[in-house]
Amino acid sequence: MNVHDRPSQPLTFLRRGQPVTLPAVPPERTLLQVLREDLHCTGTKEGCGEGDCGACTVVLGEAVDGRLKLQAVNACIKLAHSVQGQAVFTVEDLGGTHPAQEAMVQCHASQCGFCTPGFVMSLFALYEDTGGGQGVDHARAQAALSGNLCRCTGYRPILDAAARMGELPCPAGARVDEAAVLRGLRTLGGAAPDAPYQRPATLQALLKARAAHPGAQVVAGTTDVGLWITKQHKTYARLLDVTGAAELRRVETYPHHIAIGAAVNLTDAYAALVAERPSLAAFAHRFAGLPVRNAGTLGGNVANGSPIGDSMPLLIALGASVVLMRWDTKRRAIAHRELALEDLYTGYRQNVMRPDELLCWIKVPRPAPGERLQVDKVSKRFEDDISAVCLAVKLRIEGGVVQEARIGAGGVAATPVRAPRTEAALIGQPWNEDTVMAASAVLRDEFRPISDMRASADYRRAVLGNLLRRHWLAHQGQRGLRLETLDLEALA
């Protein structure tokens, strides 16, 4: 298709308190391209083009329950039309006088400068989230900067800058005027109903759009589809964004389960999971960098079905189910069906969903008395990296005997998988080292992983068994089994 014949539509967002409208933006154009090429905001840099380095970090603002929610995201894989009706903040908007910028200067936290705008925008979001940089320590700063990977100056000066910015004077106008931004957002409209990029505001409208366009590419946080565009140079005539549907942006709590809407981003979804099971906090931190978690959704992660997606082994172990919905054109009503998460997948990135169906909810059982849960991710890099192996184990032990076992694994098959043979080797057996060693041997033999750039097949099989043994050792009180539990400064 000739570039001039590609479908396009207007895009409007708020910047510096004023609406910015671009008359003809193709549906697959990224926010980074719009900022750099159309608006000439070249302070936002293009680095990896896949959401890893953070050089392209910008901050988005939208109204949530009457308040302004600000979050740092990667502009390189964020589709431009996904910010329709939102506020966009770039490094140019800080004017060179923001405390985050001044702290970077005072702490000598910038060297070549290419990555600095991304760091500054992550710090800007942290500054606003903490009421002007109050109470920011190195741990809080490291979590906020987990998606900004260039460290040519070293870690310490950048972390020092994060802690310093709350001590610096804040020039007039440097803080975000929440009330003014919310007023500005109310003046912005949405896209036309049948535009190439659709982001319906209700679940019914979303399902009707899916029924009308079953061939449209479904997107959520675009952390994966964005890669298909930037790395595989794919183009799409029509995209359907699920994140505008108000019903799917909620986490609902019921007596026996929580229901996480498909449009809930990973940051909020994992916050809900950690609230139910605090032991998941360290694992949640290791799921990508913060800008990816702010953009990506749990529903998108599950529907995508990548065998190395970290959410699915955990959810399988927890006994999660998914709710698939569609618009029944004959009955003129929403139809739905529910199935166990492990039954969703039929092959590599293939699933049982009909062309007119969407994954709308993930239902996660609430913790049961006596539940023991452990999730382990093994990757080459501690933060912001893809798993070689992920193993989640949930056990219920009574009277020294394993009464219940559910095990989910990632990185060892064409899909995220459950380990029924290993579960059977544990259930009804005494919880002792002999049982664990026998079950570990079963687990190593249960799957046939491949060798790739992340790990060999033999390594993956060995790690599977070792992680189950780690589960046993942890329950026996052995310490120092995980890097995140070590006090590295004390060791130094």
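Quick notes on the rules
Residues numbered from 1 in each chain as written. Predicted model: local features only at pLDDT ≥ 70, side-chain atom pairs only at ≥ 80, totals over all residues. Heavy atoms only, no water. 1 Å grid on protein atoms, 1.4 Å probe; cavity = no way out; pocket = protein on both sides within 12 Å on 5 of 7 lines; lining within 4 Å. Points joined across faces, edges and corners; volume = space filled by probe spheres on them. Nonpolar A, V, L, I, M, F, W, Y, C, P; charged D, E, K, R; others polar. Phe/Tyr/Trp six-rings, centres within 6.5 Å; stacked < 30°, edge-to-face > 60°. Helix = DSSP H or I, 4+ residues; strand = E, 2+ residues; numbered from the N terminus. Buried < 20%, exposed > 50% of the residue type's maximum accessible area, 1.4 Å probe, protein only. Lys NZ or Arg CZ within 6 Å of the ring centre and 35° of its normal. Core = buried A, V, L, I, M, F, W, Y, C linked by side-chain atoms within 4.5 Å. Contact = heavy atoms within 4.5 Å. Polar contact = N/O pair within 3.5 Å; in protein donor to acceptor, adjacent residues only side chain to side chain. Pairing = 2+ DSSP bridges. Axes fitted to C-alpha atoms, helices over the stretch in contact; angles between N-to-C directions.

### Re empty space enclosed by the protein
No. 1: Summed over the entire model, instances satisfying the criterion amount to one cavity of 30 Å³ or more.
No. 2: Put simply, the largest cavity is a space of about 30 Å³.
No. 3: Lining the largest cavity are 11 residues, with Ala 109, Cys 115, Phe 119, Thr 153 and Ile 158 sitting closest to its centre.
No. 4: Along the lines of polarity and charge, the residues of the lining of the largest cavity split into six nonpolar, four polar and one charged.

### Quick word on the packing of aromatic side chains
No. 1: Taken as a whole, this structure holds four aromatic pairs when the rule is applied.
No. 2: When the centroid spacing of 5.5 Å and the interplanar angle of 75° are considered together, the rings of Trp 431 and Trp 472 count as edge-to-face. You can see Trp 431 sitting in the loop between helix H14 (420–426) and helix H15 (433–446) and its partner Trp 472 sitting in helix H16 (residues 457–475), a full 41 residues away along the chain. Both residues of the pair, Trp 431 and Trp 472, count as buried.
No. 3: Following the ring pairs from residue to residue traces out a cluster consisting of Tyr 270, Phe 283 and Phe 287.
No. 4: The ring of Trp 327 is capped by Lys 208, whose NZ or CZ atom sits 4.8 Å from the centre of that ring.
No. 5: Sitting above the plane of the Trp 228 ring, Lys 234 keeps its charged end 5.1 Å from the centroid.

### Some remarks on the nonpolar core
No. 1: Counting 38 residues, the largest nonpolar core has Val 59, Phe 89, Leu 123, Val 181 and Leu 185 as its most contacted members.
No. 2: A total of eight residues in this core trace back to one element, the largest contributor, which is helix H3 (residues 116–129).
No. 3: The residues touching Val 59, leaving out its near neighbours within four places in the chain, are Leu 70, Gln 71, Ala 72, Ala 87, Val 88, Phe 89, Met 121, Phe 124 and Ala 125.
No. 4: One finds Ile 258, Leu 280, Phe 283 and Ala 284 within the second-largest nonpolar core, a separate group that totals 36 residues.

### Some points on the side chain of Ser 321
No. 1: Summarising the element assignment, Ser 321 is placed in strand S11 (residues 321–328).
No. 2: Residue Ser 321 is classed as buried on the basis of its relative accessible area of 11%.
No. 3: In terms of polar contacts, Ser 321 uses its side chain to reach the side chain of Glu 338, at 2.6 Å.
No. 4: Dropping the residues within four chain positions of it, Ser 321 is found in contact with Glu 338, Leu 339, Ala 340, Leu 341, Trp 361, Ile 362 and Lys 363.

### Topic: the environment of Ser 279
No. 1: Mapping Ser 279 onto the fold places it in the loop between helix H9 (266–276) and helix H10 (281–285).
No. 2: The class for Ser 279 is exposed, based on a relative accessible area of 55%.
No. 3: For Ser 279 and Gln 204, which are 75 residues apart along the polypeptide, the C-alpha to C-alpha distance reads 37 Å.

### Description of unusual backbone geometry
No. 1: In this model, Asp 65 sits at a positive phi of 55°, which is unusual for a non-glycine residue.
No. 2: Structurally, Asp 65 can be placed in the loop between strand S3 (57–64) and strand S4 (67–74).
No. 3: You can call Asp 65 exposed: its relative accessible area is 79%.
No. 4: Within the chain, Arg 349 stands out as a residue other than glycine whose phi angle is a positive 55°.
No. 5: Inspection of the secondary structure puts Arg 349 in the loop between strand S13 (345–347) and strand S14 (350–351).

### Considerations on the sheet that holds strand S12 (residues 333–340)
No. 1: Pairing within the open sheet is antiparallel, and its five strands lie in the order S9-S10-S15-S11-S12. What marks the edges here is a single partner per strand, and that holds for strand S9 (251–253) and S12. Taken over all neighbouring pairs, the strand axes of this sheet differ in orientation by 25° on average, direction set aside.
No. 2: Of the pairings in the sheet, the one linking S9 to strand S10 (residues 257–261) comprises three bridges and is antiparallel in character. Across the sheet, residue Glu 252 finds its bridge partner in S10, namely Ala 259.
No. 3: Across the sheet, H9 lies against S9, S10 and strand S15 (358–365), angled at about 170° from S10, the strand it touches most.

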